[in-house]
Every structure is written in C-alpha cells, then in structure tokens.
Amino acid sequence: MSSVIVAILVFGLIVLIHELGHFLFAKMNGIAVVEFSIGMGPRLVRFKKGETIYSIKALPLGGSCMMLGEDEENPDERAFQNKSIPARMSVIAAGPIFNFILAFFLAVILVGMNGYDTTYIKEVTDRSPAYEAGIRPGDKLLRINGESVSMYRDYILYKLLKPEEKMNLVEYSRIDPTTGTESIHSVSVNPEYSKESGKYLIGIIIAPENKKAASLGELVKYGYMEMEYDVKLTVKSLGMLFTGKASVNDLSGPVGIVVMIDDSVKAGLTVSVVAALMNVISMCILLSANLGVMNLLPIPALDGGRLLFLIIEAIRGKRMDPEKEGLVNLISMAALMALMIFVVFNDISRFT
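Within an unreviewed UniProt entry, the label attached to the chain reads Zinc metalloprotease, and the organism entered is Lacrimispora celerecrescens. The Cofactor (unreviewed entry) comment attached to the chain in UniProt states, word for word, "Zn(2+)". UniProt's Subcellular location (unreviewed entry) comment on the chain is quoted here verbatim: "Membrane".

Okay, here's the thing in structure tokens:
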C-alpha cells in the first residue's frame, strides 16, 4: 500500500510539473486558462480562483491545462488560437521542457547524495590491442567510436545495444601522478577476435568508480549527464520499438511502473531509508525524462503533434481546418487510449 502511495506521489509530481509548464507560459502569453487539473475522471477537489478552476481528479494519471479557444474558434483576444505562432509553440513546448528541468533538478540532487560512477579501466591485458595502443589501468574511458560512455551506465547501455560493434576508436583520460593534471587521449585500436567469447575484443576490463562531485560545476555537469542518460535510454528504447527489436509487449504502463517503484523501494529499504529514497528519485528522473520525450513525438494529440501542426501552419501561412485538426486529434487520442488499455492488461497478466 505504501508503494502505491509513493507511485501516486511520483505520478502526481511529474504530471503537475508538466501541466505547470503549460500553465505558466499560457499566463505569460496572456492566454486565459479555463481549468488546471491533476488526474482524470470525476473531480475529488475543486475550487476556483480568478478565471481558472483548479481540480484534483479521481484517477492519478494524466492531467490537463485547458485554455480558452484551445480547440475551437473564439473571438476573445485571450483565446489560445488568437495568439501568435511563437507564443502558442512556447506554451505547447513548455510541458515537456519542464519535465526535462524536473529530471535535471532531481538528477543534481541524486548525484549530490550518491556521487557518480565513472568508467574506470581496471585491467589491460598484456600485449592486447588496447595495451599496444597505449591504454593502461587507471585510465578513464570517455568515448567509444565517438559515443560518450564516460558514465558507467552509458557504457553498459552501449554494450547492451551494440554488442557486436568493434571498439575501433577509443578516447580516454589519464591523470598525471606527479602533477595531477588530466590529459585526453584518442587512439585507434584493432580489436582481435576471441574464440572464447565469439566477439572482437581489445583487452580491457571496465569497472565503476564512484566519485563525489568536487565542485558545483561538477555537480551540475554530472547531474545533466544523469538526466541525459535517461533521455537517451528512452530515445533508444523507442528506436528499438520502431525497428522491431522490441515489441509492444515490452512496454510498461501504470501497473508495471507501480510494480517497479515497489521493487525499488523494497530493494532500497534492505539497505536504508536513504537508499530507498534515492531509488525513488532515480525512478522519478527516468519517468519525467520519459514523459518529456514521449510528449515530443510528432503524434497528434501529443504536444509534439500539436507543435507539428503549428509548424505546418507557419509554412502554409494559415491555420489548418479546426474541425479536421480536432478529428485527427480525436482519432489519435482514441488510438493512444487503446494502446494504454492493452499495456495495462499486459501488465496485469505479467505481474499477477
């Protein structure tokens, strides 16, 4: 039960920040907000302040920032459709952007509490391709074939998604033991085929090395990289879905997320309350980044789809037919709801 409450709070925070982005930018651009709500379904709490109704609804999923003239023609100068294209784009984009800001803010807190794991090169096999290229134990791996892997989770994700890719170009850093200065090296490596593993290897063993941020700048840098990792994870997961490397059966909906949060809390509590809190923060970062990315997809009914319609309007010099746009959004929303129902039932069948 406690994990369900935690999940509701996590969902609520992420949705609140998303809708708050729309709300604040609507107000900044002089757009009247009819209702600001968290949740879906029947209202549990409702009050009105000024022109806006604020409400909390029964189902702790989703939310809305309903603006005057958002989906229909309205002569009022404060109607959404009567504002300039840049103003409307800023309002629509603010929701996902606020999710990225929340993910970054929480990532900074997480790095401040837990530090960050770098890709420490623990071992280099004698006379291996890496050794011949000048790589030594104690160096820190930064990039493989131009892709950043300076955090250990980036390295694991790279190996997971590109298990067969040869490590031909390696960038690493080295600290001079006498001066303490750091130097960056980029070397070409010729991997050798290993019959034992069936892969091309360069002869290194990578291990995580936990470090604490030594300055505010480093804290911000690695907080950003923590958030960036979850964004990349979401984008690459979507790429796997669209290329057929993953299926809709691999998707997790609200039930699956509650189970994951429950597992994270329980795993953390076996260590300490602080560890459980860090696990929840980590989940919150992932979900907020996920919501930001998903909402920017150019699908009607999502923020990305609405931005696409605004770009088309800017190119055409006139707005699309409101009725046609509304019909496309309605069909898309129905399809998304059908997908959500499928994912929920899929979650239930997996976890019961």
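In this section: the nonpolar core. Val 10, Ile 14, Leu 106, Val 231 and Ile 285 are the most contacted members of the largest nonpolar core, which totals 25 residues. Counting residues per element, the ones that place at least two in this core are helix H1 (2–28), helix H2 (85–114), helix H5 (216–242) and helix H7 (273–295). With nine residues, H7 is the single largest residue contributor to this core. When residues no more than four places from it in sequence are discounted, the contact partners of Val 231 are Phe 100, Ala 289 and Val 293.

What follows deals with a nonpolar patch on the surface. On the surface, a nonpolar cluster with roughly 430 Å² of combined accessible area is contributed by Phe 105, Ile 109, Met 113, Val 274 and Leu 277. Sorting the residues of the nonpolar patch by element identifies H2 and H7 as the ones contributing at least two each. A per-element tally of the nonpolar patch places H2 first, with three residues. Structurally, the position occupied by Phe 105 is in helix H2.

The subject of this paragraph is the packing of H2 against helix H8 (residues 303–316). For the pair H2 and H8, the least separation of the axes is 9 Å and the interaxial angle reads 165 degrees. As the angle between them shows, H2 and H8 are arranged roughly antiparallel. Regarding H2 and H8, the two cross each other, and that crossing is left-handed. Side by side, H2 and H8 meet where Ile 85, Arg 88, Met 89, Ile 92, Ala 93 and Pro 96 of the first sit next to Asp 303, Arg 306, Leu 307, Leu 310, Ile 311, Glu 313 and Ala 314 of the second. Of the residues that constitute the contact of H2 with H8, the class distribution is nine nonpolar, no polar and four charged.

Our focus in this paragraph is the UniProt feature "transmembrane region" (unreviewed entry) in the chain. UniProt tags residues 91–112, 269–291 and 327–345 as "transmembrane region" (unreviewed entry). With 100% helix and 0% strand, residues 91–112 has its two end C-alpha atoms placed 32 Å apart. Secondary structure across residues 269–291 comprises 87% helix and 0% strand; the distance between its end C-alpha atoms is 27 Å.

If you walk through the whole model with that rule in mind, you get twelve salt bridges. As a salt-bridge pair, Arg 88 and Glu 313 come within 2.8 Å of each other at their nearest N and O atoms. Taken together, the positions of Arg 88 in helix H2 and Glu 313 in helix H8 put the pair 225 residues apart, joining distant regions of the chain. Side by side, Arg 88 and Glu 313 carry an identical accessibility label, which is buried. With a shortest N-O distance of 3.6 Å, Lys 232 and Asp 154 are connected by a salt bridge. Placement of Lys 232 in helix H5 and of Asp 154 in helix H4 (residues 152–161) is noted, with a sequence separation of 78 residues between them. For Asp 154, a relative accessible area of 6% translates into the label buried. Each of Lys 27, Glu 51 and Arg 78 takes part in one network of salt bridges that share partners.

Before going further, it helps to spend a moment on the layout of surface pockets. Here the second largest pocket defines a volume of roughly 360 Å³. Lys 140, Leu 142, Ser 173, Glu 182 and Tyr 222 are, among the 18 residues lining the second largest pocket, the residues nearest its centre. Listing elements by their share of the lining of the second largest pocket, those giving two or more residues are strand S3 (116–124), strand S4 (140–144), strand S6 (169–175), strand S7 (182–188), strand S10 (204–211) and H5. Element by element, the count of residues in the lining of the second largest pocket is highest for H5, at four residues. Considered class by class, the residues forming the lining of the second largest pocket number seven nonpolar, three polar and eight charged. Counting contributing residues, the lining of the second largest pocket receives three or more from each of domain 1 (94–114 + 217–351) and domain 2 (115–209).

The rules behind these values
Residues numbered from 1 in each chain as written. Predicted model: local features only at pLDDT ≥ 70, side-chain atom pairs only at ≥ 80, totals over all residues. Heavy atoms only, no water. UniProt positions renumbered as here; feature names shortened; annotations may be inferred. Core = buried A, V, L, I, M, F, W, Y, C linked by side-chain atoms within 4.5 Å. Buried < 20%, exposed > 50% of the residue type's maximum accessible area, 1.4 Å probe, protein only. Helix = DSSP H or I, 4+ residues; strand = E, 2+ residues; numbered from the N terminus. Contact = heavy atoms within 4.5 Å. Patch = residues over 30% accessible without salt bridge, like charges linked within 9 Å, V, L, I, M, F, W, Y side chains within 5 Å. Areas by Shrake-Rupley, 256 points an atom, 1.4 Å probe, with all protein chains shown as cover. Salt bridge = Lys/Arg side-chain N within 4 Å of Asp/Glu carboxyl O. Axes fitted to C-alpha atoms, helices over the stretch in contact; angles between N-to-C directions. Parallel < 35°, antiparallel > 145°, perpendicular 65-115°, else oblique. Left-handed = near helix turned anticlockwise from the far one by under 90°. Nonpolar A, V, L, I, M, F, W, Y, C, P; charged D, E, K, R; others polar. 1 Å grid on protein atoms, 1.4 Å probe; cavity = no way out; pocket = protein on both sides within 12 Å on 5 of 7 lines; lining within 4 Å. Points joined across faces, edges and corners; volume = space filled by probe spheres on them. Domains from an automatic or database assignment.

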